[in-house]
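# Residue-level structure breakdown
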There are 2 protein chains.
Amino acid sequence: MESATLTTRSWLSERRRFVEAGGNTTHSFGLGRMIGRAYALLYLTPEPMALEDIALSLSVSKASASIVVRQLSSWHALRQVWIPGDRRDYYEAETNFSIILKEGIMPGLRKKLQSAGLQIERSMSAESGAVSLDCSRTSEDDRIFTREQRAELRRRLKTAQSLHRRADRVLTSKLLSRFL
Amino acid sequence: MESATLTTRSWLSERRRFVEAGGNTTHSFGLGRMIGRAYALLYLTPEPMALEDIALSLSVSKASASIVVRQLSSWHALRQVWIPGDRRDYYEAETNFSIILKEGIMPGLRKKLQSAGLQIERSMSAESGAVSLDCSRTSEDDRIFTREQRAELRRRLKTAQSLHRRADRVLTSKLLSRFL
DNA sequence: TCCATCGTTTAGAATAAATTAAACGTTCTG
DNA sequence: CAGAACGTTTAATTTATTCTAAACGATGGA
């Protein structure tokens, strides 16, 4: 064992920078900063970490750590590890990104898209059900649409629906997973 | 022209619901609520709208409308329309989603990914540059990594880098655009 | 030129989100 | 059984974001 086992402090400060960069990345994607910081930390920590270690390393309360760990776990981005003779919960990063993508992120995305798709369908049936009247405009809020405009509306709703379907298909298919 | 030109109020309230749903969707994707509301409004409005119309329809100030319109324009999600004899700026929705995706969203995503990729590279060179020492631990903050752990770190950084590259390739390639 | 009408900027207020300390329930240990 | 060590929940605070009103510069008539 002549060659060595202690990394210099420079590497540790580099890891800190990595952690902050992870936080900035997730934050810029609208996911909050803690998520990226926690995952990045565990990604660059070869041994499992206990909740308190995580909290200390990130300089946040145990409560925050608890929440972020739960979030990451629900995305399959973290795996819980039990260490015999230790009551604490240990976590390590799931390093297989396609698992995180397939099991964690994609389902979440699909769920969000689904509610959008529902609204599109509702609007489509509302549009086709909308009775056209010639007179009796009851308020200023009412608006006139020509026949051509109504046709355009229908066209747009159809386009939106087809986009939605294709997006869902992309998320469902293994195609994207294969690439990532 | 016996058949008619005035949609009932029910359609207009449906449009309002569509607008709110759009807002909720973009909000759930971390983009803020106004973006989705504004785009949805213009998407379901066949004629171009002036800034103030948008503000009134969404019940927000002209300042907010101005900001959100600029944002959407930068994504190529809105097109500016000039109406002769009218000083105001009119906007209409870009209904070709692949343009929005290719010109507006993808470049933004790539830019965000790029800064993450930069950090990965920096960490890789820091890791390989990290000198191993046997003694002279200077502070509690220093940590021991075994040779195996350092190898694992390198492996993980490489994995992250390759994921990053593939993600960038997916965003760059026409593949995704073809599907959407 | 002067006034009215735009769209934008900005500083401050309102709103939403993240974070924490403290209380709580559980589980292990002595 | 009592106490300590966990992780979670909650209510309150802090922080960040979003939104607005007012001021501003620019542009186009009168």
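Structural notes, computed from the coordinates. Predicted model, so just to flag it, every value in this text is computed and none were measured.

## A word on the packing of aromatic side chains
Where two aromatic rings form a pair, the distance of their centres and the angle of their planes describe that pair. Residues and elements named next belong to chain A. A full pass over the atoms with the stated rule returns 4 aromatic pairs over all chains. Seen from their ring centres, Tyr-43 and Phe-97 are 5.7 Å apart, and the 25° between their planes marks the pair as stacked. Remark: Phe-97 occurs in helix 5 (residues 97-129) and Tyr-43 occurs in helix 2 (residues 33-43); sequence separation between them is 54 residues. Here Tyr-43 falls in the buried class, since its relative accessible area comes to 2%.

## Notes on the protein's contact with DNA strand D
Taken together, 16 residues form the shell around DNA strand D, and within it Ser66(A), Arg70(A), Arg87(A), Ser61(B) and Ser64(B) come nearest. One of the side-chain nitrogen or oxygen atoms of Lys62(A) is found 3.4 Å away from a base nitrogen of DNA strand D. One of the backbone nitrogen or oxygen atoms of Asp89(A) is found 3.0 Å away from a phosphate oxygen of DNA strand D. Elements represented by at least two residues in the surface near DNA strand D include exactly helix 4 (62-74) of chain A together with helix 4 (62-74) of chain B. The element that contributes the greatest number of residues to the surface near DNA strand D is helix 4 of chain A, accounting for 4 residues. Class assignment for the residues of the surface near DNA strand D results in 5 nonpolar, 5 polar and 6 charged.

## Examining the sheet that holds strand 2 (residues 49-50) of chain B
Residues and elements named next belong to chain B. With antiparallel pairing, the 3 strands of this open sheet are ordered in space as 2-4-3. Unpaired on one side and paired on the other, strand 2 and strand 3 (78-81) mark the two borders of the sheet. Strand direction decides the pairing type here: strand 2 and strand 4 (residues 90-93), joined by 2 bridges, are antiparallel. Paired with Ala-50 across the two strands is Tyr-90, which belongs to strand 4. On the sheet, helix 2 (residues 33-43) packs against strand 2, strand 3 and strand 4 and is oriented at approximately 85° with respect to strand 4.

## Re the protein's contact with DNA strand C
The local shell around DNA strand C holds 16 residues, among which Met34(A), Ser61(A), Ser66(B), Arg70(B) and Arg87(B) are the closest. Here a phosphate oxygen of DNA strand C sits 3.0 Å away from a polar atom, N or O, in the side chain of Ser64(A). Elements represented by at least two residues in the surface near DNA strand C include exactly helix 4 of chain A together with helix 4 of chain B. Per-element tally for the surface near DNA strand C: the top contributor is helix 4 of chain B, with 4 residues. For the surface near DNA strand C, the class distribution of residues is 5 nonpolar, 5 polar and 6 charged.

## Quick look at the pattern of salt bridges
Residue and element names in this part refer to chain B. Counting across every chain of the model gives 22 salt bridges over all chains. A salt bridge links Glu-92 to Arg-79, with the shortest nitrogen-to-oxygen separation between them at 2.7 Å. With Glu-92 in strand 4 and Arg-79 in strand 3, the pair connects residues that are 13 residues apart, well separated along the chain. Of the residues examined, Arg-79 reaches a relative accessible area of 39% and is grouped as partly exposed.

What counts as what
Residues numbered from 1 in each chain as written. Chains lettered and ligands numbered in written order. Predicted model: local features only at pLDDT ≥ 70, side-chain atom pairs only at ≥ 80, totals over all residues. Heavy atoms only, no water. Phe/Tyr/Trp six-rings, centres within 6.5 Å; stacked < 30°, edge-to-face > 60°. Helix = DSSP H or I, 4+ residues; strand = E, 2+ residues; numbered from the N terminus. Buried < 20%, exposed > 50% of the residue type's maximum accessible area, 1.4 Å probe, protein only. Near = heavy atom within 4 Å. Polar contact = N/O pair within 3.5 Å; in protein donor to acceptor, adjacent residues only side chain to side chain. Nonpolar A, V, L, I, M, F, W, Y, C, P; charged D, E, K, R; others polar. Pairing = 2+ DSSP bridges. Contact = heavy atoms within 4.5 Å. Axes fitted to C-alpha atoms, helices over the stretch in contact; angles between N-to-C directions. Salt bridge = Lys/Arg side-chain N within 4 Å of Asp/Glu carboxyl O.

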